[in-house]
Amino acid sequence: MISVRNIYKNFGGLEVLKGVSLEIEKGEKVAIIGPSGSGKSTFLRCMNLLEEPTYGEIWLDGRLLTPADPYLHPEVIAASKTYQDMMMKKGEALPDGNAGKESEPDSEIIRKIKKDDLLKKHEGKVYKERLKDIEQENRMDVNLARQRVGMVFQHFNLFNNLTVMQNLTLAPVTLKLQTEEEATEKASELLKRIGLYEKKDEYPSKLSGGQKQRIAIVRSLVMNPEALLFDEPTSALDPEMVGEVLELIRELAEEGMTMVIVTHEMGFAREVATRVLFMDDGLIKEENAPEEFFGKPQHPRLQEFLSKVL
Amino acid sequence: MTVQSIINKWNLFIDAFMNKGGYKEVVSGLVNTLIIALVALVLGIIIGTIIAAIEVSPKKGRFMRVLDRICTVYVAFFRGTPIVVQLLLGYFVILPLIGFSLSSVVVAIIIMGLNSGAYVSEIMRSGILSVDIGQMEAGRAMGLNYGTTMRKIIIPQAVKNILPTLGNELISLVKETSVVSFIGVVDLYKAFRTIGSSNYEYMMPFLVMAVIYIVLIMIITFALKMMERGLRASDKR
């Protein structure tokens, strides 16, 4: 459903993600753990393009969300001037040069171009058109994608100027996905489910952290999302409020919601996730089903990490 | 100065004010002052908000960069020249050049509004930056676009944060209107000046003028306080 293809993310000179790929199927619950600064939040935020990856592509249900990345399309690179110049040079070096011939792109040259990132300069019309073709064929508007993939933040981010009910209905009504009545009905239903219906006319500042986070979760549910991204949903909560939020997330998981959770709650990840990833230093270092992941960790960095947090 | 001469001056003022029709001048001057200040503030808030939204937006694409450049020049001009110069330029240079005729009150409103826009844009910008970045992210993450999130989430919170400063802007606009007489608008200052020049007695007219300005500002301050209280409904305080 969500497909992350070899993404890199640089903040100025700092390389936060160094080539991460991930395929998430419908109904999967993926937990991402790792030390702080390992890039796990950035990785999650790339999935709905709150951060734009520097390189790489994000796909949602076969539609491209990011600009097309030439390095993932060798046939596009083959149309670039750099590639053709290098082909030419190679052809000249060989006695019977086959430069200019239509054939499979030369993987060695592609690798070299990629390694030295030689595609920064002007690369000619054909190259640009090929890249544009890919985008035209597959590109999806990021706002449409975000309507289908909800996000829950560490700091809740409820709209402070709106009441609880307005928080829930603003997006579906503004985006004309639901009428005011439909959205209100759906929101009331969800608020009753989490037992906070009587708070519907309160402003967020009057709520506790646990209440805010549960409302933030149902705010994204009003949109009927196909997947939910959780960015450390319990890290900013008082310990006694962690339980109620995890309980709600667990219920959603049991109902079959596709979810990606960045978390420090190891027990929760073990229980709820169908797959656990360990990120460190901008890379996925280990990926496994929860029993093996926590039972027999392979990577030394993960062993060290687990021994510290468990 | 003897008490008697002060009483004489006061009687002369009352005579000019009541019997020679001075009060009509004052009323129309007061109305002009208030209209110019209020409409200019509304204009300034609209212009300032648009400029601020452009300035804080992530600048992607040539179009946004050009807009941003235009805003920079605009703010530089209106903050970099005295408002009297702007009024004179507008009324005696720009209007004749484009061959358009407008009443001096309308010109005053437009120029004061444009001028205020430059200042409000800075106020608004700091207001927008004071709103937590998470609010924008939450809006965007639900599929709302930049403009809608700005309009429905960020700007309402920004305005609440900067309301005291916007109040200051209104107050200084009311006071600054005293320069519009340069292009022939009868405002509060001009009205009292006219009363004074009818009998060459300026002491009382200007004294009364000062009192009226103070009372006016006190009323505005009170109204702003009430408004602020209303907007604090979503606050802890």
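Small disclaimer: the values here were computed from a predicted structure and weren't measured.

Undergrad: Can you help me understand the overall build of chain A in this one?
TA: The secondary structure content of chain A amounts to 13 helices and ten strands. Projected onto the principal axes, the alpha-carbon positions of chain A cover approximately 80 × 50 × 35 Å. Expressed as a percentage of contacts within chain A between residues at least 6 apart in sequence, the contacts between residues at least 24 apart total 68%. Carbon together with sulfur atoms contributes 48% to the accessible area of chain A, which is approximately 14700 Å² in total. Computed over 42 positive and 52 negative side-chain charges, the inter-centroid distance for chain A is 4 Å.

Undergrad: Where do I start with helix α8 (residues 188–199) of chain B in this structure?
TA: Each full turn of the α-helix corresponds to 3.6 residues, which orients residues three or four apart in the same direction. Residue and element names in this part refer to chain B. Burial in α8 covers these residues: Leu188, Ala191, Phe192, Ile195, Gly196 and Asn199. Relative to the axis of α8, the buried residues are bounded by an arc of 135° and lie together on one face. Lining the buried residues of α8 we find α1 (3–19), α2 (22–56) and α9 (203–231). Tyr200 occupies a position one or two residues after α8 and carries a positive phi of about 55°.

Undergrad: I'm lost on the interface of chain B and chain A in this one. Help?
TA: Accessible area lost when the parts come together is the quantity often used to give the size of an interface. Taken together, the contact between chain B and chain A spans 22 residues of the former and 25 residues of the latter. The junction of chain B with chain A conceals about 2000 Å² of combined surface from both sides, 58% of it contributed by carbon and sulfur atoms. As a salt-bridge pair, A:Arg45 and B:Glu137 come within 2.6 Å of each other at their nearest N and O atoms. Linking chain B with chain A are six residue pairs in polar contact (both at pLDDT 80 or more). Secondary structure elements with two or more residues in the side of chain B that touches chain A: α6 (133–141) and α7 (146–176) of chain B.

Undergrad: How should the packing of aromatic side chains be read in this particular structure?
TA: What describes a pair of aromatic rings is the distance from one ring centre to the other and the angle between the planes of the rings. A complete count under the given rule lists twelve aromatic pairs over all chains for this structure. Both rings, one in B:Phe77 and one in B:Phe78, keep their centres 4.9 Å apart while their planes meet at 85°; by these two values the pair is edge-to-face. Take B:Phe78: its relative accessible area is 9%, and that puts it in the buried class. In this structure, A:Lys192 packs its charged tip against the face of A:Tyr197, placed 4.6 Å from the ring centre. Across the ring face of A:Phe159, the terminal group of A:Arg219 is positioned such that the distance to the ring centre comes to 4.5 Å.

Undergrad: Mind showing me how you'd approach a nonpolar patch on the surface here?
TA: All names here are of chain B. Among the surface-exposed residues, Phe77, Val85, Leu89, Phe92, Val93, Ile94, Leu97, Ile98, Phe100, Leu102, Val106 and Ile110 lie close enough to one another that they form a single nonpolar patch of about 1000 Å² accessible area. Elements represented by at least two residues in the nonpolar patch include exactly α4 (83–98) and α5 (104–130). Ranked by the residues each element gives to the nonpolar patch, the list is headed by α4, at seven residues. Among the structural elements, Phe77 can be located in helix α3 (residues 61–80).

Undergrad: Can you walk me through a negative patch on the surface in this structure?
TA: Negative charge collects at one region of the surface, where A:Glu180, A:Glu181, A:Glu182, A:Glu185 and A:Glu189 lie side by side. Positionally, A:Glu182 belongs in helix α8 (residues 180–193).

Undergrad: For this particular structure, what's the right way to read the sheet that holds strand β1 (residues 2–11) of chain A?
TA: Within a beta sheet, neighbouring strands are joined by backbone hydrogen bonds and run either parallel or antiparallel to one another. All names here are of chain A. Strands sit in the order β2-β1-β4-β5 across an open sheet of four strands; the sheet is antiparallel. At either margin of the open sheet sits one strand with a lone partner, and together these are β2 (14–24) and β5 (63–64). Judged from the eight bridges that link them, β1 and β2 form a sheet pairing that is antiparallel. When the sheet's bridge partners are listed, Lys9 is paired in β2 with Leu17. Across the face of the sheet, helix α1 (residues 40–47) comes into contact with β1, β2 and β4 (55–60) while running at roughly 55° to β2.

Undergrad: Would you mind showing me how to read the confidence of the model for chain A here?
TA: Predicted coordinates in areas of low pLDDT are best not read in detail. Summarising the model, chain A shows a mean pLDDT of 89, and 95% of its residues fall at 70 or more. Here residues 95–100 of chain A is modelled with pLDDT under 50, and outside its nearest four sequence neighbours on either side it reaches three contacts, counting other chains as well.

Undergrad: Sorry if this is basic, but what is going on with the pairing of strand β7 (residues 227–231) of chain A here?
TA: Along any regular strand the residues' side chains alternate between the sheet's two faces. Residues and elements named next belong to chain A. Counting buried positions along β7 gives five out of five residues, so the element sits mostly inside the fold. Of the two faces of β7, both are covered, the one formed by Ala227, Leu229 and Asp231 as well as the one formed by Leu228 and Phe230. Across four bridges, the pairing between strand β6 (residues 149–152) and β7 is parallel. Among the inter-strand pairings, Val149 is bridged to a residue of β7, identified as Ala227. Note: β7 against strand β8 (residues 258–262), five bridges, orientation parallel. Paired with Asp231 across the two strands is Val262, which belongs to β8. Read as a crossover between parallel neighbours, the route from β7 over helix α10 (residues 239–254) to β8 is right-handed.

Undergrad: Explain helix α13 (residues 300–309) of chain A to me, please; I cannot follow it from the model alone.
TA: All names here are of chain A. Along α13, the residues classified as buried are Leu302, Phe305 and Leu306. Mapping the buried residues of α13 onto a view down its axis gives an arc of 95°, with all of them on the same face. With respect to the buried face of α13, the exposed residues turned more than 90 degrees away are Pro300, Ser307 and Lys308. The elements touched by buried residues of α13 are β3 (29–33), α11 (266–272), β9 (275–280), β10 (283–288) and α12 (290–295).

Undergrad: Help me out: how do you make sense of the pattern of salt bridges in this one?
TA: Residues and elements named next belong to chain B. As enumerated under the stated definition, the model contains 23 salt bridges over all chains in all. Here Lys20 and Asp15 are joined by a salt bridge, their closest N and O atoms 3.4 Å apart. The partly exposed category is assigned to Asp15, whose relative accessible area is 26%. With its nearest N and O atoms 3.7 Å apart, the salt bridge here joins Glu122 to Arg125.

The rules we used
Residues numbered from 1 in each chain as written. Chains lettered and ligands numbered in written order. Predicted model: local features only at pLDDT ≥ 70, side-chain atom pairs only at ≥ 80, totals over all residues. Heavy atoms only, no water. Helix = DSSP H or I, 4+ residues; strand = E, 2+ residues; numbered from the N terminus. Contact = heavy atoms within 4.5 Å. Areas by Shrake-Rupley, 256 points an atom, 1.4 Å probe, with all protein chains shown as cover. Lys, Arg positive; Asp, Glu negative; His and termini not counted. Charge placed at Lys NZ, Arg CZ, Asp CG, Glu CD. Buried < 20%, exposed > 50% of the residue type's maximum accessible area, 1.4 Å probe, protein only. Arc of directions from axis to C-beta. Buried area = accessible area lost by both parts, 1.4 Å probe. Salt bridge = Lys/Arg side-chain N within 4 Å of Asp/Glu carboxyl O. Polar contact = N/O pair within 3.5 Å; in protein donor to acceptor, adjacent residues only side chain to side chain. Phe/Tyr/Trp six-rings, centres within 6.5 Å; stacked < 30°, edge-to-face > 60°. Lys NZ or Arg CZ within 6 Å of the ring centre and 35° of its normal. Patch = residues over 30% accessible without salt bridge, like charges linked within 9 Å, V, L, I, M, F, W, Y side chains within 5 Å. Pairing = 2+ DSSP bridges. Axes fitted to C-alpha atoms, helices over the stretch in contact; angles between N-to-C directions. pLDDT = per-residue confidence, 0-100. Right-handed = clockwise from strand over helix to strand, strands pointing away.

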